[in-house]
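Here is how the chains run, residue by residue.
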Amino acid sequence: MANNIVLAKDYVDALDEVYRNASVTVDLISDATMMRAGANANEILYPQINVTGLGDYSRSSGYTQGAVDVKWQSTKFNYDRGTKISVDTMDDEETFNIAFGMAGAELQRTKVAPEADAFTFATLSGITGISKATPTTYTSAEQFLAALLDAKNVMDEDEVPEENRILYATPTLLNSVMALDTIKSREVLAIFQIMKAVPQSRFYTAIDLLDGKSSGEEVGHYKKATTGKDINFMVIHKPAIIKFDKHIASDIIVPANNPDSDAYISKYRKYGLVDVYKNKVAGIYLSHKA
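Residues numbered from 1 in each chain as written. Predicted model: local features only at pLDDT ≥ 70, side-chain atom pairs only at ≥ 80, totals over all residues. Heavy atoms only, no water.

A. Geometry of the packing of aromatic side chains. For the structure shown, the criterion picks out ten aromatic pairs. With centroids separated by 4.9 Å and ring planes inclined at 75°, the aromatic side chains of Tyr-57 and Tyr-63 adopt a geometry described as edge-to-face. Both residues of the pair, Tyr-57 and Tyr-63, count as exposed. Judged by centre distance (5.7 Å) and plane angle (65°), the ring pair of Phe-144 and Phe-233 falls under edge-to-face. (Phe/Tyr/Trp six-rings, centres within 6.5 Å; stacked < 30°, edge-to-face > 60°. Buried < 20%, exposed > 50% of the residue type's maximum accessible area, 1.4 Å probe, protein only.)

Rendered as structure tokens:
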């Protein structure tokens, strides 16, 4: 039993490392200390804080009485996905005991990370009240730069802090600006604390999560929804986002404990939440194609 525990521990560490290397939205993960369990198992609470404004100061009575309103808002987890992978013991042995580990890493790199990113962007795109550009396709780097300045203007006017603004854009758009190699282009990109290139295959306003069971959905994963649009770029103010992930890799089942086949089994489940603080929707700016 001790060997099984060590194997499972090492394997989970490898999963987390591969996921973080592959995901482009890992920077959005929230501080877990700001969350607490809700009354129901599928809920989480996060703090919503409001304060009253200034009042007239009186030399006779002093300050007006202000107030702080702290509410714990409840929201439900909106992502619950998982799979079970199996590797025959001979396949693993004949690859010098690396097939099982490679299968897990491949799952994370090619399936878990892309789906997590796609779900994050699609969910945030569907939030009511976020800022949006007029749908368009940028045909030049100059148009893209102008659109980024428009996004900055909107967020500045909405008093979104410049710190912690993250620019997510397609590699094609980012590379087009880099090709200009001008001081102006570098200055525009420098207004964002972090820049991340997002492959178009993860960058849609809406996706369908395939259930892995129904006809035509046996392979699982996700696809662009029929109502989905290709995203050009998003500017996200990290403090506006609630992204709370739970990775659960259950016990790894060795062949000796597998009643159905002579194979290693690993069960993986990802359960979490992507949402926005209700008073910070201005912290998201979206531009997508028509």
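B. Quick look at the nonpolar core. One finds Phe-121, Leu-124, Tyr-168, Met-234, Ile-236 and Ile-241 to be the most contacted residues of the largest nonpolar core, which totals 26 residues. Among the secondary structure elements, those contributing two or more residues to this core are α3 (99–125), β6 (165–169), β10 (231–237), β12 (263–276) and β13 (284–288). For this core, the leading source of residues is α3, giving five residues. Ile-241 has contacts with Leu-28, Ser-30, Leu-124, Ile-236, Asp-275, Val-276, Tyr-277 and Ile-284, leaving out every residue within four places of it along the chain. The next biggest cluster of nonpolar side chains, apart from the first, holds 21 residues, and it includes Val-160, Val-188, Leu-189 and Phe-192. (Core = buried A, V, L, I, M, F, W, Y, C linked by side-chain atoms within 4.5 Å. Helix = DSSP H or I, 4+ residues; strand = E, 2+ residues; numbered from the N terminus. Contact = heavy atoms within 4.5 Å.)

C. How the structure looks around a nonpolar patch on the surface. A cluster of nonpolar side chains, namely Ile-49, Val-51, Val-68, Val-70 and Trp-72, defines an oily patch on the protein surface of about 490 Å² accessible area. For Val-51, the location among the structural elements is in strand β2 (residues 43–51). Residue Val-51 is classed as exposed on the basis of its relative accessible area of 58%. (Patch = residues over 30% accessible without salt bridge, like charges linked within 9 Å, V, L, I, M, F, W, Y side chains within 5 Å. Areas by Shrake-Rupley, 256 points an atom, 1.4 Å probe, with all protein chains shown as cover. Salt bridge = Lys/Arg side-chain N within 4 Å of Asp/Glu carboxyl O.)

D. The arrangement of helix α4 (residues 141–157) in detail. Compared with an ideal rise of 1.5 Å per residue, which puts 17 residues at 24 Å, α4 spans 24 Å between its outermost C-alpha atoms and is within 8% of the ideal. Those residues of α4 lying buried are Ala-141, Phe-144, Leu-145, Ala-147, Leu-148, Ala-151, Lys-152 and Met-155. Mapping the buried residues of α4 onto a view down its axis gives an arc of 160°, with all of them on the same face. For α4, the secondary structure elements touched by its buried residues are β6, α5 (171–180), α6 (183–189), β10 and β13. (Expected span 1.5 Å × (residues − 1). Arc of directions from axis to C-beta.)

E. Structural context of the pattern of salt bridges. If you walk through the whole model with that rule in mind, you get eleven salt bridges. Note that Lys-152 is salt-bridged to Asp-156, the shortest N-O span being 3.0 Å. Residue Lys-152 and its partner Asp-156 are located together in helix α4, separated by four residues, close to a single helical turn. Residue Lys-152 is classed as buried on the basis of its relative accessible area of 17%. The exposure class assigned to Asp-156 is partly exposed, which follows from its relative accessible area of 30%. For Lys-152, the salt bridge identified is with Glu-162, shortest N-O distance 2.6 Å. Note that Lys-152 is positioned in helix α4 and Glu-162 in the loop between α4 and β6, a separation of ten residues in sequence. Accessibility expressed as a relative area gives 46% for Glu-162, which makes it partly exposed. Each of Lys-152, Asp-156, Glu-162 and Arg-165 takes part in a single network of salt bridges with overlapping partners.

F. Quick peek at the confidence of the model for the chain. Per-residue confidence for the chain gives a mean pLDDT of 85; residues scoring 70 or more make up 86%. Across residues 1–6 the pLDDT falls below 50, and counting only partners more than four positions away or on other chains, this stretch makes two contacts in the model. (pLDDT = per-residue confidence, 0-100.)

G. Broad picture of unusual backbone geometry. Here Glu-159, not a glycine, exhibits a phi torsion of approximately 65°, which is positive. In this fold, Glu-159 is placed in the loop between α4 and β6. Look at Glu-159 and you get exposed, because its relative accessible area is 70%. Look at His-221: it is not a glycine, yet its phi comes out positive at around 75°. Relative to the assigned elements, His-221 resides in the loop between β8 (207–209) and β9 (222–224).

H. Representation of the sheet that holds strand β7 (residues 194–197) in the model. Strand order in the open sheet formed by five strands is β5-β13-β10-β6-β7, with mixed pairing between adjacent strands. Two strands lie at the open edges of the sheet, namely β5 (131–132) and β7, each paired on one side alone. Direction of pairing for β5 relative to β13: parallel, over a ladder of two bridges. Of the residues in β13, the one forming a bridge with Ser-131 is Tyr-285. Contacts between α5 and the sheet are confined to β6, β7 and β10, with β7 contributing the most and set at about 120° to the helix. (Pairing = 2+ DSSP bridges. Axes fitted to C-alpha atoms, helices over the stretch in contact; angles between N-to-C directions.)

I. Here's a closer look at the packing of α4 against α5. The interhelical angle for the contact between α4 and α5, taken along N-to-C directions, is 105°, at an axis separation of 9 Å. Of the possible angle classes, the one that applies to α4 and α5 is roughly perpendicular. Residues Ala-141, Glu-142, Phe-144 and Leu-145 of α4 pack against Leu-173, Leu-174, Ser-176, Val-177 and Leu-180 of α5. For the contact of α4 with α5, the class distribution of residues is seven nonpolar, one polar and one charged. (Parallel < 35°, antiparallel > 145°, perpendicular 65-115°, else oblique. Nonpolar A, V, L, I, M, F, W, Y, C, P; charged D, E, K, R; others polar.)

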